[in-house]
Amino acid sequence: SMRRGAEEDQKFLSHLNEQQGPVFKIAEDPRLTPIGKFLRNSSLDELPQLWNVLKGEMAIVGPRPLWQPEAEKATDRARLRTRVKPGLTCLWQISGRSEVGYDEWVELDLYYIQNRSLLLDILIVLQTIPAVLSGRGAY
């Protein structure tokens, strides 16, 4: 979804970061290709992760994985979220995605880990559908 050299260009765009903590997010990221912007806004860029679910590397519901360089900068408290399988969807996804600050994102993930249940998973999956269709916070 991004043009070549996007990773290297991130350091030059750090002043545009709209997220606190180790996460890098820009709503109008200039590194995105036109098709990449469509894929992200529609959440179609998540579909390949279904393969990871089928392979058992990810769950349907669980904390969203961070990009490795971001994960390495996470606090010890934030690293607690890596004790469970990452998921395709989570409380962060249904709470506004990129509109939710990093600290709240971590707290939502830790709440999920402490309270996970089949009922909570079902509720999150059901709420994911309208969240994805709305496109709120998808970038």
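Residues numbered from 1 in each chain as written. Predicted model: local features only at pLDDT ≥ 70, side-chain atom pairs only at ≥ 80, totals over all residues. Heavy atoms only, no water.

### Concerning the pattern of salt bridges
Argument step 1. Tallied over the full model, the rule gives 8 salt bridges.
Argument step 2. Here Lys55 ties to Glu57 by a salt bridge, and the two come within 3.4 Å at their closest N and O atoms.
Argument step 3. Its relative accessible area of 44% is what places Lys55 among the partly exposed residues.
Argument step 4. Residue class for Glu57 comes out partly exposed when judged on its relative accessible area of 45%.
Argument step 5. Residue Arg77 pairs with Glu107 through a salt bridge whose shortest N-O separation is 2.9 Å. Pair noted here: Arg77 is in helix H5 (residues 76-79) and Glu107 is in helix H7 (residues 102-115), with a separation of 30 residues, a long-range link.
Argument step 6. Owing to a relative accessible area of 39%, Glu107 belongs among the partly exposed residues under this scheme. (Salt bridge = Lys/Arg side-chain N within 4 Å of Asp/Glu carboxyl O. Buried < 20%, exposed > 50% of the residue type's maximum accessible area, 1.4 Å probe, protein only. Helix = DSSP H or I, 4+ residues; strand = E, 2+ residues; numbered from the N terminus.)

### Concerning the packing of aromatic side chains
The relative placement of two aromatic rings is captured by the distance of their centres and the angle of their planes.
Argument step 1. Per the stated rule, a full pass over the model turns up 2 aromatic pairs.
Argument step 2. Summarising the aromatic geometry, the rings of Trp92 and Trp105 are spaced 4.2 Å apart at their centres and angled 15° between planes, so their arrangement reads as stacked. With Trp92 in helix H6 (residues 91-94) and Trp105 in helix H7, the pair connects residues that are 13 residues apart, well separated along the chain.
Argument step 3. The exposure class assigned to Trp105 is buried, which follows from its relative accessible area of 3%. (Phe/Tyr/Trp six-rings, centres within 6.5 Å; stacked < 30°, edge-to-face > 60°.)

### So, H7
Argument step 1. Helix length check: H7, at 14 residues, gives a terminal C-alpha distance of 20 Å against a target of 20 Å (1.5 Å per residue), a fit within 8%.
Argument step 2. On its buried face, H7 sits against strand E1 (59-61), H5, H6 and helix H8 (118-134). (Expected span 1.5 Å × (residues − 1). Contact = heavy atoms within 4.5 Å.)

### Some thoughts on the side chain of Asp29
Argument step 1. Locating Asp29 in the fold gives a position in the loop between helix H1 (6-9) and helix H2 (34-42).
Argument step 2. Using a relative accessible area of 8% as the deciding quantity, one classes Asp29 as buried.
Argument step 3. Not counting chain neighbours up to four residues away, the residues in contact with Asp29 comprise Met2, Leu13 and Phe24.

### Focus on the nonpolar core
Argument step 1. Core analysis: the largest hydrophobic core is formed by 19 residues, its most contacted members being Leu91, Tyr102, Trp105, Tyr112 and Ile124.
Argument step 2. Broken down by secondary-structure element, the contributors of at least two residues to this core are H6, H7 and H8.
Argument step 3. Every residue in contact with Ile124, bar those within four places of it in the chain, is listed here: Val61, Thr89, Cys90, Leu91, Ile94 and Tyr112. (Core = buried A, V, L, I, M, F, W, Y, C linked by side-chain atoms within 4.5 Å.)

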